[in-house]
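# Descriptive structure summary
Here is what each chain is made of, one letter per residue.
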Amino acid sequence: MMRIGVILSFFMAVMAVETSPADANFFSRQINMGDDEKSSAPAGASSNIGSEAQVGSIITFYDGAVYAKLVNNNRIPLVGYGVGNLKHDLVKGMVASALQDNKKIMLIDTAHASKNEHLVAEGIVKGVEKLNRTKKTEVHVVTKVWYTHLGYERTKISIRESLESLRPALDHDKVNLRLHVLLHWPRCYSSIPWMECEREEQDLPEETRAAGPDPSLDPDNAWKQSWRALEDMYLSDQYPIASIGLSNFHLKEIEQVESFAQIHPHVIQMNLWSLLYDAHLIEYCHQHRIHVQAYNVVHGTVSNVERAPRAFRHLEKVAADLSKEVGEPLTAVQVVLSWLIQHGISVIPRTSNVVRLEENSAVALLNVPAFNDHQVDTVAHAVEAYLSGDDLDEIHVSVTFHAVSKDIMLYWMGHAGDESSEVRITLLRQGETFNETTYPTHKFRAYDAQNKDVWIEHEINANYGEHVHLEL
């Protein structure tokens with residue numbers, strides 16, 4: 001856990017607002033709503049405490065969902081849905097489902113290279129028509145310019161093609177589409193196996209290749225020309241672009257923007273590793289009020305439980321503790337996502353499962369209670385354990401068995417949970433107690449020491465870190 005101080009110091013600085021326990025959810029206490037937005041906030045969100053996230057985002061409500069206010073005064077949802085790698089036959093239906101009132105996921109993240117922007121547009125239209133509102137529905141799309149299209153003219157071609165693909169949503173009379181355009185990568189890296197620089201260049205349409213030179217011929221400057229194209233299109237009234245930004249860029253490249261650009265990036269997309277370990281990049285974003293979106297959050301952590309099983313149990317304990325406050329079960333995934341959005345960082349989880357889509361939606365994550373300092377610390381350590389492979393210390397359920405009225409022979413029912421795997425633990429004389437550590441759902445049998453045909457089975461219905469007293 002060598003670098004955990006980086007993320008903890010950053011997050012604890014963000015938490016320099018009221019975090020004492022209360023009845024409502026985190027955002028109902030942390031967000032300062034403008035007068036024009038109060039009516040659209042959730043019913044519980046009535047407190048007057050403001051929160052300016054240290055990555056440069058003032059958090060606000062609009063239409064019942066939570067947003068970050070960008071440095072250019074436009075807004076972007078804190079909870080999105082990533083469809084870049086989603087099977088094409090699922091995109092339309094999943095996007096439409098994401099927009100519904102039980103989810104309120106009003107941001108869809110994709111890319112020009114995903115070749116599904118037309119399906120995103122169709123899904124938006126379908127979803128908005130299903131909402132059947134009288135006024136326009138604001139929907140945000142993040143798309144990205146692939147490294148084959150770096151260079152001024154090539155970038156313009158990419159953006160125009162994206163706009164054309166999104167045209168059904170842009171032109172729909174019930175859709176207010178807000179487009180955010182990022183440069184996907186600063187260059188094609190020959191050292192990354194899946195980046196096939198030469199082949200991808202050869203596969204481009206002749207019109208694109210003729211529009212500008214191969215960006216790999218001048219990798220240090222091609223992306224800078226692309227940034228100028230983004231600036232020009234953003235500043236032009238001809239293109240409906242709400243913000244521009246970067247994805248997968250290193251700090252040394254981002255700092256170069258200051259030397260030639262008119263506009264600083266409004267948004268930076270980064271993976272969870274960069275968020276945890278690149279303290280200088282995070283500080284730069286804070287200083288320049290650049291909003292951070294984190295991707296690969298779930299896939300990089302809790303989707304692979306076996307990489308850090310003890311860390312997962314710590315996350316489950318945080319989920320169980322928060323569940324008691326909210327009155328409904330929460331998952332480890334919801335804990336990690338909420339840990340980020342409660343600090344002003346956008347998330348764009350991917351899924352092809354509509355149940356998971358709802359679990360990780362803006363509506364669901366908005367109801368997660370505020371984390372206390374210990375929970376922030378626990379989640380930070382658990383997430384780093386996944387990234388580093390250095391698992392946390394074990395936590396258990398502690399159980400005290402008390403033989404109240406007679407002698408008891410205590411058995412653990414093993415991993416199978418029945419007599420085929422039972423393991424003898426100890427003999428308890430009447431009045432004696434025995435302390436054991438175990439896990440939720442494990443089963444124990446208390447046999448009458450004089451007659452094994454007489455027994456009572458106990459299943460451990462407790463959460464990690466809790467203590468249970470069983471009278472036998």
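Residues numbered from 1 in each chain as written. Predicted model: local features only at pLDDT ≥ 70, side-chain atom pairs only at ≥ 80, totals over all residues. Heavy atoms only, no water.

### Looking at the sheet that holds strand β15 (residues 433-438)
Strand order in the open sheet formed by 3 strands is β15-β12-β18, with mixed pairing between adjacent strands. Here the strands that pair on one side only, and so sit at the sheet edges, are β15 and β18 (467-471). The mean angle between the axes of side-by-side strands here comes to 20°, regardless of whether they run parallel or antiparallel. (Pairing = 2+ DSSP bridges. Helix = DSSP H or I, 4+ residues; strand = E, 2+ residues; numbered from the N terminus. Axes fitted to C-alpha atoms, helices over the stretch in contact; angles between N-to-C directions.)

### Notes on helix α14 (residues 332-341)
Buried residues dominate α14, accounting for 10 of its 10 residues. Those residues of α14 not exposed but buried are A332, V333, Q334, V335, V336, L337, S338, W339, L340 and I341. (Buried < 20%, exposed > 50% of the residue type's maximum accessible area, 1.4 Å probe, protein only.)

### Side note on the pattern of salt bridges
As a working rule, side chains carrying opposite charge can pair if their charged atoms are close by. Scanning the entire structure with this criterion turns up 20 salt bridges. Between E253 and R187 there is a salt bridge, with its nearest N and O atoms 3.6 Å apart. One end of the pair, E253, is in helix α10 (residues 251-260); the other, R187, is in the loop between β7 (175-183) and α7 (197-202), with 66 residues separating them in the sequence. Each member of the pair, E253 as well as R187, carries the same accessibility label: buried. Across the pair E466 and K324 runs a salt bridge whose closest N-O atoms are separated by 2.5 Å. Placement of E466 in the loop between β17 (451-459) and β18 and of K324 in helix α13 (residues 309-326) is noted, with a sequence separation of 142 residues between them. Among the charged side chains, a network of salt bridges with common partners joins D63, D101, K104 and R133. (Salt bridge = Lys/Arg side-chain N within 4 Å of Asp/Glu carboxyl O.)

### Considering the packing of aromatic side chains
All chains considered together, the criterion is met by 11 aromatic pairs. Centroid distance W223 to F249: 5.2 Å. Interplanar angle 80°. Geometry classified as edge-to-face. In this pair, W223 sits in helix α9 (residues 219-235) while F249 sits in the loop between β8 (241-247) and α10, placing the two residues 26 residues apart along the sequence. F249 matches W223 in its accessibility class, with the two residues each being buried. Geometry around Y62 places R75 over its ring, the cationic atom sitting 3.7 Å from the centre. In this structure, K452 packs its charged tip against the face of Y447, placed 4.9 Å from the ring centre. (Phe/Tyr/Trp six-rings, centres within 6.5 Å; stacked < 30°, edge-to-face > 60°. Lys NZ or Arg CZ within 6 Å of the ring centre and 35° of its normal.)

### Quick notes on the sheet that holds strand β13 (residues 408-412)
Reading across from one edge, β14-β13-β16-β17 is the order of the 4 strands in this open sheet, with antiparallel pairing throughout. Edge positions in the sheet fall to β14 (423-428) and β17, since each of these pairs with one other strand and no more. Taken pair by pair, the neighbouring strands of this sheet meet at an average axis angle of 25°, ignoring direction. The sheet contact formed by β13 and strand β16 (residues 443-448) spans 5 bridges and is antiparallel. Counted as the bridge partner of L410 is A446 from β16.

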